[in-house]
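Residues per chain, in single letters:
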Amino acid sequence: MPNDRVWGPVLLQVADSLKDFDLDPSTQPDDELYDDIIFAAAHQHSVENFTERADPELSDVAELVDRRLGSGWLAGASLRSPQSKFSEPTELRPVRVSNPSGSWAAVDKPEGAFWTSSFLPGLRSAWERLEAGEFSQHDRPLMRFDFALGPDDEVWTIRDVDDYAELVRRHPRRVTRDTVGIDWAALRHDVTAVTLSAAGLARAQNVRVATPYGVAQLSGWDAESTAWLRLPASASLTAMPVRAR
């Protein structure tokens, strides 16, 4: 495998951490490797340059991580019910999706979406670590989101850069003269939900992608998560039992 391959910054940070601790990604349980991905994604806030690059010293480990992301829970083969959600309020409300605006215009995630995360194999929410760090002062209860997709419901899963780039090409949204993102307001008419799998988080977040409309970059998702652009008719939200900490 050539050592000049360009890798996403999240995946490279995972490779760097595993190399430091002499850990083999092929033997890491899904939930432990996912925690490494979450930790790696958080580095976007502490380093000046958090973009894709080649790194010959980490390329071999990065390749092993990339292979590992192709199987198990991390791959995100399909969106499964139930999903998890830390939420106040605790009842479902109509979803009204719009494009990011103001200072958030360059962050490619939809405003007004209904956000959920999958349960890890150990039944921990994939959002739990971020909830503890970013929203601990709100003490939001953990909810269970149940749904059944109908024949007109399409879920788009981002597992790599190409999956993200295809959404941009289908529904481009001008951000600046040279940059572009997803037109979420238009996409909601075609797609029920967009899922960023753990593999997609590692491979695609903060990677600059050349498109016919300008450079696109997925950013700000930070965890395996699903942005619901509209809710299935069968959707329901119920409280989860309180777990001992």
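Source: prediction; values computed, not measured.

Some words on the overall build of the protein chain
Argument step 1. If you tally the helices and strands in the protein chain, you get seven helices and 13 strands.
Argument step 2. Against the globule reference of 18 Å for 245 residues, the protein chain gives a C-alpha radius of gyration of 18 Å, in line with a compact fold.
Argument step 3. For the protein chain, the spread of C-alpha atoms along the principal axes amounts to about 50 × 50 × 35 Å.
Argument step 4. Counting across all 245 residues of the protein chain, residues that qualify as buried make up 50%.
Argument step 5. For the protein chain, long-range pairs separated by at least 24 residues make up 79% of all intrachain contacts whose partners lie at least 6 apart in sequence.

Some points on unusual backbone geometry
Argument step 1. Backbone torsion omega between Ser 81 and Pro 82 reads 5°, so that peptide bond is classified as cis.
Argument step 2. Secondary-structure assignment places Pro 82 in the loop between helix H3 (59–68) and strand S3 (83–86).
Argument step 3. One non-glycine residue with positive phi stands out, namely Asp 22, at about 55°.
Argument step 4. Tracing the backbone through its elements, the reader meets Asp 22 in the loop between helix H1 (9–20) and helix H2 (30–41).
Argument step 5. Note on Asp 22: relative accessible area 70%, which makes it exposed.

A look at the sheet that holds strand S12 (residues 225–228)
Argument step 1. Pairing is mixed across the open sheet formed by four strands, whose spatial order is S4-S12-S9-S6. The open sheet is flanked by strand S4 (114–116) and strand S6 (155–158), the only strands paired with a single partner. Strand-to-strand twist across the sheet, computed as the mean angle between neighbouring axes with direction ignored, equals 20°.
Argument step 2. Pairing of S4 with S12, which is carried by three bridges, proceeds in the antiparallel orientation.

Description of H2
Since there are 3.6 residues in each turn of an α-helix, residues three or four apart along the chain are aligned in direction.
Argument step 1. End to end, H2 covers 16 Å across 12 residues, agreeing with the expected 16 Å (1.5 Å per residue, within 8%).
Argument step 2. Among the residues of H2, those classed as buried are Asp 30, Leu 33, Tyr 34, Asp 35, Ile 37, Ile 38, Ala 40 and Ala 41.
Argument step 3. Close packing links the buried residues of H2 with H1, H3, helix H4 (128–134) and helix H7 (198–204).

Let's talk about the pattern of salt bridges
Argument step 1. Scanning the entire structure with this criterion turns up 15 salt bridges.
Argument step 2. For Arg 67, the salt bridge identified is with Glu 63, shortest N-O distance 3.2 Å. Taken together, the positions of Arg 67 and Glu 63, both in helix H3 and four residues apart, correspond to about one turn of that helix.
Argument step 3. Close ionic contact of Asp 146 with Arg 144 constitutes a salt bridge, the shortest N to O distance being 2.9 Å.
Argument step 4. Here the residues in one salt-bridge network are Arg 5, Glu 63, Asp 66, Arg 67 and Arg 203, joined through shared partners.

Quick notes on the side chain of Lys 85
Argument step 1. Relative to the assigned elements, Lys 85 resides in strand S3.
Argument step 2. Buried within the structure, Lys 85 lacks any salt-bridge partner; Glu 131 is the closest side chain of opposite charge, at an N-O distance of 8.6 Å.
Argument step 3. Within polar-contact distance, the side chain of Lys 85 engages the backbone oxygen of Trp 115 at 2.9 Å.
Argument step 4. Contact partners of Lys 85, with chain neighbours within four places excluded, come to Phe 114, Trp 115, Thr 116, Pro 141, Leu 142 and Met 143.

Conventions used here
- Residues numbered from 1 in each chain as written.
- Predicted model: local features only at pLDDT ≥ 70, side-chain atom pairs only at ≥ 80, totals over all residues.
- Heavy atoms only, no water.
- Helix = DSSP H or I, 4+ residues; strand = E, 2+ residues; numbered from the N terminus.
- Rg over C-alpha atoms; globule rule 2.2 N^0.38 Å.
- Buried < 20%, exposed > 50% of the residue type's maximum accessible area, 1.4 Å probe, protein only.
- Contact = heavy atoms within 4.5 Å.
- Pairing = 2+ DSSP bridges.
- Axes fitted to C-alpha atoms, helices over the stretch in contact; angles between N-to-C directions.
- Expected span 1.5 Å × (residues − 1).
- Salt bridge = Lys/Arg side-chain N within 4 Å of Asp/Glu carboxyl O.
- Lys, Arg positive; Asp, Glu negative; His and termini not counted.
- Polar contact = N/O pair within 3.5 Å; in protein donor to acceptor, adjacent residues only side chain to side chain.

So far we have only geometry, and geometry alone does not tell us how the molecule works.
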